[in-house]
Amino acid sequence: GISINPDVLFTKRENKSRSRTIVELAENGKYYRHPDSSLISYPVVVEKPLGEIKKDLNVAIVGAGPAGIACLYELSRLKGEGKITVTMYDCDPDHFQVPEEVSVRIKGLKAGRVSAAISSEDEVDRAVYEIGAMRFPEIAGLVWHYAYNMYPDKREDRIDPFPNPGTVPTELLHGNYVDRYGPGKEGTDWLHADSRTKQVVELIGKRLKGTTDKDKNTSLFPIGGKDPAKISQILKDPKTQECELKTIHEHWKTFMRENDISLESAIRKIIETYHDELKSDVPGISSDVEKINYYVELFGTIGFGTGGFKPVYNMSLLETMRLMLWSYNDEYLLPVQANVHFFRDIYLAALENGRNRLKINTSLARVSDVCHVEENGNVKALVVSYKVEENGAEHLEAKTAEYDYVILTTTPKQTSSMISKVGFRNKVVPSALLGEPMPVPDDKSVSPKSDKCKPSVGQVEVKNVRPALVLSNDNDIPNSKLFTAVNNLHMVCSSKVFATVKITDFEKYAPKFKENGPITAIVADCGLGSSYVVPYVKLTSEMEDKSNTYYSFLISYAWEDDSKGLQNVFGKYPLNVKAPKPPAHCPGNVGASKDTEHMMRAVIRRTMRRVTDPIDGSDKQWWFGEALRNCTLEDQLSYDWGTNNSAGAFKLNMVGDNHNADLLVRYHTHALTPKLNNRFFLANCSYSHLGGWLEGAFMSAVNAVCGLVVAANDGNVDALSPEARKVVESFESVV
Ligand code: MET
């Protein structure tokens, strides 16, 4: 697991007092303006309806994940006489919109990439595994704005923090080197005051994010001459003046031009420049070059405090800097049993808001293509889809439907194949074959022989077609660059491996860290990313009884290469076959079904290592490996976002990707150019500058709905509220 915020290790916090109410959380990030949209405080934008619709509209939202549901919610709040019919497409039979009667495991627990599984015993729910979104930064203003509106009765309840490494007793393993740290009154408490880990994270904190101290700047990567730490404060402060925000945006553009380098280059540059400040020797390493290499790697393991990130050292420093400016010191849990319920609640609220003016149809179907259709100046957006049965089976015939507007919320890889078939020339083509030729069963009665003119099974002939995403009527290059952008975004591979473990079992192995109790978070270079013990906070009353007995254990939250190494076993999802009780003579996890055993063996193999004991210096087996080998790990489940379904967990810009992501963030501004007759919008965290965060999905949903309102009012921005106008006007137009 990787969160990018050096403050996690420097913030002074009272040990147990970190819980917050939703009111406090909703206040915290309310005014924060992201550097790419420095005039916009998104939570302020959505306080009022975004705008008004005067005429009736027929809208499709492709994808019923967080972005799609947020679009629906904001559409449901629009003012004006126009009635809106929304069709939501999603192809996942486990989606909560699909009615389901059976006792729930993963069924009904999905909304796009927000997805859960429930482990239970004798019909009593025991633990919730968050396969998708699991932690919600306090600075995420839109998230807490929606939580505030969804749960009026819970606004004053205290919400617990997510137990990130560093906020709970944590162990780091790098090579043979074990370090321990945890929350202390004066910031992070370390096992040894002269810890090498402590020194390198403090150096990177000081030389990358810098200081809020007015009188000095310490960062090697200042923005407009100022430490990022100071910029972060200015962006968050409600009192900051517009001219100062505009200046930051200009400085940020310069910073982006000059610093699209890899995260590793930035870390290396800091260590090369300031390695004299690293006072601890590295025994056995004497040359400066090797010392620098050692510390670069050590930092790769620990990351900014809440987990290593060596596998994403190639991502752009710009992504890291955005996250650093966003500055999420603390992350929280949502006040729901499973996080997907938050989305079900937003969805239900949209139904309620829109009672009189908004009609919702849900369609369990996979969308294969989208385009414009245009006849005698009458323009519509067309969606080609295949119905999916509740058992997941897909129909062979393609269906087409026309809409006034379509918001595509699908992941970049899904989207790129939908938008490319008709090409990029924005001229009407009399006829095109869309959909996908399907493999046809042997049965001749369902299999008309295809010939050149007729669509084969699975295809459909569509008349008068234009491409879906367009920026120009005259040239195809501007249009095709949208495809390039969508197609080239980098989706990170990421996976999670869960189990339920008896607390008493685990604590036989977990060392105690000072007076803070046993280690419950592990950050290591063993290929499991980070491991977290996740507390029971959202459980039903039956579950609470069990919370003193079991830990819900996220054994591995890994990214990129760490995750790819396990892909052959991830392919067997859900791997949640209950492990039979092991025979008495043979304790441990040996009785599990074959698939489960395969994954657990792979995981255990990664953790079997002899290490140096950080207390007495002896050479011994690493306790975590021993714990995994000997504790009974029940209800195992693993999921990899690269192997399954979504073509990757989330977008993170690699070096060189910034312009593509930025083009898609601003895509909604095409609405200011009505002569394009463009009926499509994009919404998804991948089309935001916060890939992999609900906040990014919500921001892009707001962008899309604002764009749609302007388009539906023939390019008139006055149809938006004054705050919402900024969402369309303060970005540089894409056209
Ligand atoms: N939100 C995801 C997480 O918390 C992805 C982070 S992207 C830096 O792990």
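Our subject is the structure that appears above.
Residues numbered from 1 in each chain as written. Predicted model: local features only at pLDDT ≥ 70, side-chain atom pairs only at ≥ 80, totals over all residues. Heavy atoms only, no water.

**Considering the overall build of the chain**
On a plain count of helices and strands, the chain comes out with 22 helices and 28 strands. Buried positions account for 61% of the 735 residues belonging to the chain. Summarising the internal contacts of the chain: among those between residues at least 6 apart in sequence, 75% fall at separations of at least 24. Just so you have it, the chain exposes about 28,300 Å², and 49% of that area is on carbon and sulfur atoms. (Helix = DSSP H or I, 4+ residues; strand = E, 2+ residues; numbered from the N terminus. Buried < 20%, exposed > 50% of the residue type's maximum accessible area, 1.4 Å probe, protein only. Contact = heavy atoms within 4.5 Å. Areas by Shrake-Rupley, 256 points an atom, 1.4 Å probe, with all protein chains shown as cover.)

**Considering the site of the ligand**
Around the ligand, the surrounding shell holds nine residues, and the nearest of these are Arg135, Leu323, Tyr557, Gly692 and Trp693. Within the side chain of Tyr557, an N or O atom sits 2.6 Å from an oxygen atom of the ligand. Measuring from a nitrogen atom of the ligand, one finds a backbone N or O atom of Gly692 at 2.7 Å. (Near = heavy atom within 4 Å. Polar contact = N/O pair within 3.5 Å; in protein donor to acceptor, adjacent residues only side chain to side chain.)

**Here we look at the pattern of salt bridges**
Considering all chains together, one arrives at 42 salt bridges under this definition. Salt-bridge contacts for Arg268 lead to Glu264; the nearest nitrogen and oxygen are separated by 2.9 Å. Highlighted residues: Arg268 and Glu264, both in helix α8 (residues 263-274), separated by four residues, approximately one helical turn. Taking the relative accessible area as the measure of exposure, Arg268 reaches 23% and is therefore partly exposed. Glu436 serves as the salt-bridge partner of Arg366, at 2.7 Å between the closest nitrogen and oxygen. Placement of Arg366 in strand β13 (residues 358-375) and of Glu436 in the loop between β17 (429-435) and β18 (459-466) is noted, with a sequence separation of 70 residues between them. Here the salt bridges share partners, and the residues they tie into one network are Arg18, Arg20, Glu138 and Asp330. (Salt bridge = Lys/Arg side-chain N within 4 Å of Asp/Glu carboxyl O.)

**Notes on the environment of Leu173**
Along the chain, Leu173 falls in strand β9 (residues 170-174). The spatial distance from the C-alpha of Leu173 to the C-alpha of Ala67 is 37 Å, given a sequence separation of 106 residues. Ignoring any residue separated from it by four or fewer positions in sequence, one finds Leu173 in contact with Val178, Thr301, Val523, Ala524, Asp525, Arg609, Val611 and Trp622.

**Points about the nonpolar core**
Residues Leu208, Ile271, Phe299, Phe342, Phe343 and Phe698 are the most contacted members of the largest nonpolar core, which totals 155 residues. The leading source of residues in this core is helix α21 (residues 694-712), at 14 residues. Those residues within four positions of Phe342 in sequence are excluded, and the remaining contacts are Val143, Tyr146, Ala147, Met150, Tyr151, Leu334, Val336 and Phe698. Ranked by size, the runner-up nonpolar core spans 35 residues in total, among them Leu191, Met600, Trp622 and Leu628. (Core = buried A, V, L, I, M, F, W, Y, C linked by side-chain atoms within 4.5 Å.)

**A few points about the packing of α21 against helix α22 (residues 722-729)**
Packed helices, taken two at a time, are described by the angle between their axes plus the distance between the axes. α22 packs onto α21 with a crossing angle of 95 degrees between their chain directions and a minimal axis gap of 9 Å. Between α21 and α22, the crossing angle belongs to the class labelled roughly perpendicular. In this structure, α21 uses Val702, Asn703, Cys706, Gly707 and Val710 to contact α22, whose residues at the interface are Ala724, Val727 and Val728. (Axes fitted to C-alpha atoms, helices over the stretch in contact; angles between N-to-C directions. Parallel < 35°, antiparallel > 145°, perpendicular 65-115°, else oblique.)

**Concerning unusual backbone geometry**
In this structure, Asn464 is a non-glycine residue whose phi angle is positive, near 55 degrees. Assignment of secondary structure puts Asn464 in strand β18. Even without a glycine there, the phi angle at Asn677 is positive, about 50 degrees. Following the sequence through the fold, Asn677 ends up in the loop between α20 (658-665) and β28 (680-682).

**Brief notes about the packing of aromatic side chains**
Counting across every chain of the model gives 26 aromatic pairs. Feature note: the residues Tyr73, Tyr146, Tyr151, Phe342, Phe343 and Phe698 constitute an aromatic cluster, connected by ring pairs. A cation over a ring is seen here: Arg155 above Tyr148, with NZ or CZ 3.7 Å from the ring centre. Across from the ring centre of Tyr177, 4.1 Å away, lies the NZ or CZ of Arg196, which sits over that ring. (Phe/Tyr/Trp six-rings, centres within 6.5 Å; stacked < 30°, edge-to-face > 60°. Lys NZ or Arg CZ within 6 Å of the ring centre and 35° of its normal.)

**Digging into the packing of helix α12 (residues 412-419) against helix α13 (residues 476-488)**
Running from N to C, α12 and α13 cross one another at 150 degrees; their axes reach a closest spacing of 8 Å. Of the possible angle classes, the one that applies to α12 and α13 is roughly antiparallel. The hand of the α12/α13 crossing is left-handed. Facing α12, whose interface residues are Pro412, Lys413, Thr415, Ser416 and Ile419, α13 presents Phe483, Val486 and Asn487. Of the residues contributing to the contact of α12 with α13, the split by class is four nonpolar, three polar and one charged. (Left-handed = near helix turned anticlockwise from the far one by under 90°. Nonpolar A, V, L, I, M, F, W, Y, C, P; charged D, E, K, R; others polar.)

**Quick look at the side chain of Asp369**
By secondary structure assignment, the location of Asp369 is in strand β13. Polar contacts involving the side chain of Asp369 include one to the side chain of Ser368, which spans 2.8 Å. Polar contacts involving the side chain of Asp369 include one to the main-chain amide nitrogen of Gly435, which spans 2.9 Å. Those residues within four positions of Asp369 in sequence are excluded, and the remaining contacts are Leu382, Val383, Val384, Ser417, Met418, Lys421, Leu434 and Gly435.

**Describing α20**
Of all eight residues that make up α20, seven are buried, and the element is covered over most of its length. Every buried residue of α20 is listed here: Asn658, Asn660, Ala661, Asp662, Leu663, Leu664 and Val665. Check the buried side of α20 and you find it contacts α7 (242-258), α10 (317-326), α13, β27 (650-651), β28 and α21.

**Concerning the pairing of strand β10 (residues 177-184)**
Where burial is concerned, most of β10 is hidden: eight out of the eight residues are buried. With five bridges joining them, β9 and β10 adopt antiparallel strand pairing. From the neighbouring strand, His174 faces β10, where its bridge partner is Tyr177. Bridging between β10 and strand β11 (residues 187-190) involves four bridges; their strand directions are antiparallel. Residue pairing across strands places Gly184 opposite Gly187, the latter belonging to β11. A loop of two residues connects β10 with β11, the two strands running antiparallel in sequence. (Pairing = 2+ DSSP bridges.)

None of this, on its own, says anything about what the molecule does.
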